[in-house]
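# Observations on the three-dimensional arrangement
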Amino acid sequence: TSGEQAAIQVISSIMRVCAFVLFLSWISSCVAQDGCVCVPVKTTNTDLNDLIRDSPLYSQAASNVTNLNSICITLTAVNTPDNALVEMVIIYSNSTVVQRASIQKPIKPGQFLIAGPARTYKDFIIGNPCPQTYVIYRCVQSGRCLTDFTRADVIVVSSRFRESKSCIEKGLDIARETFPDIQKYYYLPRKSVPCCQKSILFSS
């Protein structure tokens, strides 16, 4: 019957979500903590719950922008303590949409390890220029290590799709102070709004 088919679909969806979260949790627990070298930076006291509360987080400005339109990052709490499911939606200038999922866990206040099927990296929260806005230094931990830190990835994100220019500039001032050798930062166009919303995870 249609009711039975609907129930089967719901159960199947729950099983896929649970399997995916368990898989990413396993990846996160297996990642070596001594990957690529990161620039020593001073971080804020931001914890995982702050990021979960303020997400979705939308990109405002960044270094090393290549044909990007907008980025959205959503964090959802999972049953495993001190872990969050991270879903990133990237929209490029040609309207191509890329979606990535990973698991984020804290290393210490303001520092996080993010592990997914495709890549692993560390995020450092180096500033909060205004409420619900973060300056993030991202340091890749898998694949090819970055040795030229003038090309470090730094991004200003906010819970607002279009943050005020004054707030973004404060964030960029923090980025420039931390990474004075990065030549240029770019405002993202943000013409396309990513379809970004918190996942609904089923508890056992």
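Computed from a prediction, not measured in an experiment: that's the story for all the values here.

What follows covers the overall build of the chain. Across its full length, the chain carries 3 helices and 9 strands. Each helix and strand of the chain, ordered N terminal to C terminal, gives the series α-α-β-β-β-β-β-β-β-β-α-β. Split into buried and exposed, the 204 residues of the chain put 46% on the buried side. A fraction of 60% describes how many contacts in the chain between residues 6 or more apart in sequence connect residues 24 or more apart. As presented, the chain carries roughly 11100 Å² of accessible surface, and 55% of it is formed by carbon and sulfur atoms.

Once that is clear, we can look at the pairing of strand 4 (residues 97–108). Side-chain direction in a regular strand flips from residue to residue, so the side chains alternate between the two faces of the sheet. Here strand 3 (residues 84–92) runs beside strand 4; their pairing, made up of 8 bridges, is antiparallel. Looking at strand 4, one finds that Ile-90 is bridged to Val-98. Adjacent in sequence and paired antiparallel, strand 3 and strand 4 are bridged by 4 residues, among which Ser-95 carries a positive phi angle near 75°. Strand direction decides the pairing type here: strand 4 and strand 5 (residues 111–115), joined by 5 bridges, are antiparallel. Looking at strand 5, one finds that Ile-103 is bridged to Ala-115. With antiparallel pairing between neighbouring strands as the criterion, strand 4 and strand 5 make up a hairpin whose turn holds 2 residues, including Gly-110 at a positive phi of roughly 80°.

Attention now goes to the environment of Cys-145. Note that Cys-145 resides in the loop between strand 7 (133–140) and strand 8 (153–158). Given a relative accessible area of 39%, Cys-145 falls into the partly exposed group.

Attention shifts here to the packing of aromatic side chains. Scanning all chains against the criterion turns up 3 aromatic pairs. Seen in terms of ring centroids, Tyr-58 and Phe-161 are 5.4 Å apart; in terms of plane orientation they differ by 90°. Their pairing is edge-to-face. Here Tyr-58, found in strand 1 (residues 57–62), pairs with Phe-161, found in the loop between strand 8 and helix 3 (165–178); they are 103 residues apart in sequence, far enough to count as distant. Judged by relative accessible area, which is 12%, Tyr-58 ranks as buried. With a relative accessible area of 19%, Phe-161 lands in the buried category. By way of ring pairs, the aromatic residues Phe-124, Tyr-137 and Phe-179 are connected into one cluster.

We now examine helix 3. Taking 1.5 Å of rise per residue, 14 residues should cover 20 Å, and helix 3 covers 20 Å from first to last C-alpha, within 8% of that figure. Of the residues making up helix 3, those classed as buried are Cys-167, Ile-168, Gly-171, Leu-172 and Ala-175. All buried residues of helix 3 fall inside an arc of 135° around its axis, so they share one side. Against strand 1, strand 6 (120–127), strand 7, strand 8 and strand 9 (186–187) lie the buried residues of helix 3.

Definitions and cut-offs
- Within each chain, residue numbers correspond to sequence positions counted from 1 in written order.
- Local features are withheld for residues below a pLDDT of 70 in this predicted model, meaning they are given only at 70 or higher, and side-chain atom pairs are given and counted only at 80 or more; totals for whole chains, interfaces and linings count all residues.
- Computation of side-chain values covers all heavy atoms of the structure but excludes hydrogens and water.
- Under the DSSP-based scheme used, a helix requires at least four consecutive residues in state H or I and a strand at least two consecutive residues in state E, with every element numbered from the N terminus.
- Between buried and exposed lies partly exposed: a residue is buried under 20% and exposed over 50% of the maximum accessible area for its type, with that area taken using a 1.4 Å probe on protein chains only.
- Contacts are assigned to residue pairs that have any heavy atoms within 4.5 Å of one another.
- Where accessible areas are quoted, they stem from the Shrake-Rupley method and a 1.4 Å probe; at the residue level, only the protein chains shown are allowed to cover.
- Any two strands with at least two DSSP bridges between them are considered paired.
- Geometry of aromatic contacts follows a simple scheme: Phe, Tyr and Trp rings, the Trp one being its six-membered ring, pair when their centres are within 6.5 Å, and the pair is stacked under 30 degrees between planes, edge-to-face over 60, tilted otherwise.
- Take the residue count of a helix, subtract one, and multiply by 1.5 Å to get its expected span.
- Summarising the geometry, the arc corresponds to the directions from the helix axis toward the C-beta atoms.

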